[in-house]
Each structure stands twice: as C-alpha cells, then as structure tokens.
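Each chain, written out:
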Amino acid sequence: MWLVRRQLDTRFERLDPDDDPDRDDRLIRELYQEFGGPLLRQVRQSTGNDLQWAEDVVQETLLRAWRNAAKLTWERGLLWAWLLTVSRRIVIDGRRRRGVRPREVEPPEADTVAVPDATDKTLAAIVVADALRGLSPDHREVIEQTYLRDRTVSEAAEILGIPPGTVKSRLYYALRALRGVLKERGVAS
C-alpha cells in the first residue's frame, strides 16, 4: 500500500499526456482504488445513508478530480482533503436543489384515479330499499316516518294514528329485523 501511495504522489505529475495515452484511464482507476471506498463511507454519512445519492456524489467528486488533475497536488493528505471538500459541496448543492424543487412523483394511471361521485351512496340506498321490502308493512312504515322522512316519534305516532310507545317499540323491532335482513345478504356484520 505504501508503494501505491508513493507512486500516487509522483506518478501523475511527471507523466506527459503525449507520452502515455492510457494516462486518463490509469488516473481514474487509481483514484477509485485509493479513495473510492473511504470516500463512499464518508459521503454516505452526509447523505443520510442514501447509497444511490452517495455513489453519485463519489462519482462526481472523482470526475472533478480527473478533470482538474493538472491543477491538483497529488500528495495523499492534500488530495484527500480536496476530495472531502468537493464531495461536501456537492452534497450541500444537492440538498439545496432538493429543497427548492418539488418532489417528483409518477403521475397516477387513469384507471386508478378516484373520481368523486355518488356511486357508493346510490348503491347503499338501493341495498337498504331492497332490504326494507323484506320487512312487514308496520315496521316499514315506522322506519319510513322516522328515518326517511326525518320525523320525531311523536310526529310519526300522530301520522300513523298509534301511541308514541308503540312507535318506539315497532321502531326497535323494525331496526332489528332490518339488520337481520342485511346480514343475510352479506351487507352488514
């Protein structure tokens, strides 16, 4: 490892691009070998353990090092400090960018979009009306007067010509019978 670090310090300074056509490939390969893993661990902490984002940051950081190879000092400690600084700035820029832009989401498919309508209400009304037909006429009249026409027990008693106590009693048994009919049809539990 010491040999690689020593080579890293001097190797790229003395290479002339005309002398070595593979210089760029070797440079990026050496950068990844030497700094890729440690830089990824460091950047992952900065990105909130987001591996994809951290990998993107490391790639961008090493790409910038490759682009600025002629300007950099290839001493290991200085290069590491430069890479950390660049990666930190890339993360900060990414956070700023994410804070300004709205989050991107996939548009919902047309089949899955709920359109507000009265379908549920209509179906429930049909089911209840059908269940009411299964009740006796006395029970059906009491439910109709109290629930469907929104009348009090006294008003229903006056219209039906029966005492209020009888309305209450019929209403109790009518609701029980209605619940039973709906259970038979699998609508109520």
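Named according to an unreviewed UniProt entry, the chain is RNA polymerase sigma factor originating from Acrocarpospora macrocephala.

J.: Explanation requested: the overall build of the chain in the structure shown.
T.: Looking only at helices and strands, the chain features eight helices and zero strands. Ordering the α and β elements of the chain from the N terminus gives α-α-α-α-α-α-α-α. Looking at the chain residue by residue over its 189 residues, the buried ones come to 26%. Here the contacts in the chain between residues at least 6 apart in sequence split such that 57% fall between residues at least 24 apart. For the chain, the accessible area works out to roughly 13,600 Å², and carbon and sulfur atoms hold 50% of it.

J.: Any chance you could explain the pattern of salt bridges here in plain terms?
T.: Any two side chains of opposite charge can pair, so long as their charged atoms come close to each other. Scanning the entire structure with this criterion turns up five salt bridges. The shortest N-O distance in the salt bridge between Arg64 and Glu60 comes to 2.9 Å. Taken as a pair, Arg64 and Glu60 lie in helix α3 (residues 51-67) at a separation of four residues, close to a single helical turn. With its nearest N and O atoms 2.8 Å apart, the salt bridge here joins Glu144 to Arg149.

J.: Sorry, what's going on with helix α6 (residues 137-148) here?
T.: Given 3.6 residues per helical turn, the α-helix brings residues three or four places apart onto the same face. Here α6 has its buried residues at His139, Val142, Ile143, Gln145 and Thr146. On its buried face, α6 sits against α5 (119-132), α7 (153-160) and α8 (164-184). Just beyond α6, the residue with positive phi is Asp150, at close to 55°.

J.: I keep staring at the layout of surface pockets and nothing clicks. Help me out?
T.: Within this model, the largest pocket holds a volume of roughly 150 Å³. What lines the largest pocket is Gly94, Arg97, Arg98, Arg101, Pro102 and Glu104. Per-class residue counts for the lining of the largest pocket are one nonpolar, one polar and four charged.

J.: So what exactly am I meant to see when it comes to the nonpolar core here?
T.: Generally speaking, nonpolar side chains in soluble globular proteins are found buried as a group. Leu31, Val43, Trp74, Leu79 and Leu83 are the most contacted members of the largest nonpolar core, which has 19 residues in total. Here the element with the most residues in this core is α3; it accounts for six residues. What Leu83 contacts, discounting residues up to four positions off in sequence, is Phe35, Leu39, Thr61, Leu62 and Ala65. Ile143, Ile162, Leu178 and Val181 belong to the second largest nonpolar core, which has 14 residues in total.

J.: Is there a simple way to explain the environment of Asp130 in this structure?
T.: Along the polypeptide, Asp130 turns up in helix α5. By relative accessible area, Asp130 is classed as partly exposed at 34%. Sequence separation between Asp130 and Leu182 is 52 residues; the distance between their C-alpha atoms is 9.5 Å.

Cut-off values and rules
Residues numbered from 1 in each chain as written. Predicted model: local features only at pLDDT ≥ 70, side-chain atom pairs only at ≥ 80, totals over all residues. Heavy atoms only, no water. Helix = DSSP H or I, 4+ residues; strand = E, 2+ residues; numbered from the N terminus. Buried < 20%, exposed > 50% of the residue type's maximum accessible area, 1.4 Å probe, protein only. Contact = heavy atoms within 4.5 Å. Areas by Shrake-Rupley, 256 points an atom, 1.4 Å probe, with all protein chains shown as cover. Salt bridge = Lys/Arg side-chain N within 4 Å of Asp/Glu carboxyl O. 1 Å grid on protein atoms, 1.4 Å probe; cavity = no way out; pocket = protein on both sides within 12 Å on 5 of 7 lines; lining within 4 Å. Points joined across faces, edges and corners; volume = space filled by probe spheres on them. Nonpolar A, V, L, I, M, F, W, Y, C, P; charged D, E, K, R; others polar. Core = buried A, V, L, I, M, F, W, Y, C linked by side-chain atoms within 4.5 Å.

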